[in-house]
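Tertiary structure, described
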Amino acid sequence: MSRSAVPMMAVRGGVLLVVAWLLLVGGSLTAQAFPQAAWPTQSKGSRGADVEAIQQLLVHAGQTVAVDGDFGSGTDAAVRAFQTARGLGADGRVGPNTWGALAVSLRQGDNNNAVRALQRQLNVKRGLGLSVDGSFGPATYAAVVDFQRHAGIEDNGEVGPITWRNLIWHYQLVDRPEVAAICTKASDVNGDSAHWGTAAAVGQLTAAAGRVYSSGLGPVAARDLSFEHGGNIPDHASHEVGLDADVQLMRNDHAQCTGTSRISRFDVQYSRTATRELIQAIRATGRVKVIFFNDPVLISEGLVQSQDNHDDHLHVRYCESVHPNSSYSC
């Protein structure tokens, strides 16, 4: 969160040609090992690309479940059925043991729903344009090798537990060209470099933005979340684990993404009504630990909490049912 005391590459068009060339000439991409990579616990109420992966892997395992990125009652039931069948504790939470059982090994030539999960993850986490067709062909192989080099792990093109864990853990950009409901705005200190969050945080914030956008209030503008791989981030005491998001206030003119200046709660363009609707949407579509914002009316309504230096943005902290940092457990 910006200036507070609270404890605590996107690569798009043509990437496959570049990767193929690197493989052909024996080049290597800059490796960044992820010692912090861990399976994110997902459970009822979670959203996003990691939930889609769970659903595709459940389908591969013979369960019947919709692949929609929404961890609802149907997904909860399918997870419990899978856990029971595998002799795991049937608690409905997809933690390390359940992830490990779901994430089957894959290699070139495979054709199944687990490959679809892999392709979708590569697209979302690495900004690729792979066909999500379930066929592990040359393009998917090249993308896997690219990611393995990026993660600093063995680049053999085979997808085992280490590759799966690093890929599922990897953050994604909050803005996607096909999503009109959300945009990003550069922060004063980190510019456009800190628009990365966990798939769950991005999925939940995108769902909330969709509700607000469909109400005619304009898109939602996000500022800093985290860096691509987390870690220390200037101007923030948190924002290190991909589950914190700074969101600009809603405006009377609906120009959250096109307005040239950032407004505060004291500005004539500040819309308390629209900001209230955004906060309610955030709470309705996500697992939220806390939202910091200094509007006394919204504080009195129990929607937000006060925190120094939070007059010009919402700080949304998402949480997981199990997280190694208690500040992010819910």
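None of these values were measured; they are calculated from a predicted model.

1. A look at the pairing of strand 5 (residues 244–248)
For strand 5, the tally of buried residues reaches five of five residues, placing the bulk of the element in the interior. Relative to strand 7 (residues 313–318), strand 5 runs antiparallel, the two sharing five bridges. Paired with Q248 across the two strands is H313, which belongs to strand 7.

2. Description of the packing of aromatic side chains
Considering all chains together, one arrives at four aromatic pairs under this definition. Centroid distance F34 to W169: 5.2 Å. Interplanar angle 40°. Geometry classified as tilted. Here W169 lies in helix 7 (residues 161–169) and F34 lies in the loop between helix 1 (15–25) and helix 2 (49–60), a separation of 135 residues in the sequence. The exposure class of F34 is buried, given its relative accessible area of 6%. The exposure class assigned to W169 is buried, which follows from its relative accessible area of 10%. With 5.3 Å between their ring centres and 15° between their planes, W39 and W99 make a pair best called stacked.

3. Regarding the nonpolar core
Counting 39 residues, the largest nonpolar core has I54, L58, L106, L118, L122 and W164 as the members making the most contacts within it. Going through the elements one at a time, helix 2, helix 3 (73–85), helix 4 (96–102), helix 5 (113–126), helix 6 (138–151) and helix 7 are the ones with two or more residues in this core. Those residues within four positions of W164 in sequence are excluded, and the remaining contacts are W39, L57, A103, V104, L106, A114, A117, L118 and V159. Residues A209, V247, L249 and L298 belong to the second largest nonpolar core, which totals 35 residues.

4. Some thoughts on the UniProt feature "domain: Peptidoglycan binding-like" (unreviewed entry) in the protein
In the numbering used here, UniProt assigns the "domain: Peptidoglycan binding-like" (unreviewed entry) feature to residues 47–102 and 112–165. Regarding residues 47–102, the helix share stands at 57% and the strand share at 0%, and the terminal C-alpha atoms are separated by 18 Å. Secondary structure across residues 112–165 comprises 61% helix and 0% strand; the distance between its end C-alpha atoms is 19 Å.

5. Quick word on the side chain of T163
For T163, the position within the fold is in helix 7. Among all residues touching T163, those that are not within four sequence positions of it are F147, Q148, I153 and E158.

6. Digging into the pattern of salt bridges
Pairing between side chains of opposite charge can happen when their charged atoms approach one another. Applying the stated criterion across every chain, the model contains 17 salt bridges. When the shortest N-O distance is used, the salt bridge between R251 and D253 registers 2.9 Å. Beyond isolated ion pairs, a larger network of salt bridges with shared partners links R126, D146 and E228.

The rules we used
- Residues numbered from 1 in each chain as written.
- Predicted model: local features only at pLDDT ≥ 70, side-chain atom pairs only at ≥ 80, totals over all residues.
- Heavy atoms only, no water.
- Buried < 20%, exposed > 50% of the residue type's maximum accessible area, 1.4 Å probe, protein only.
- Helix = DSSP H or I, 4+ residues; strand = E, 2+ residues; numbered from the N terminus.
- Pairing = 2+ DSSP bridges.
- Phe/Tyr/Trp six-rings, centres within 6.5 Å; stacked < 30°, edge-to-face > 60°.
- Core = buried A, V, L, I, M, F, W, Y, C linked by side-chain atoms within 4.5 Å.
- Contact = heavy atoms within 4.5 Å.
- UniProt positions renumbered as here; feature names shortened; annotations may be inferred.
- Salt bridge = Lys/Arg side-chain N within 4 Å of Asp/Glu carboxyl O.

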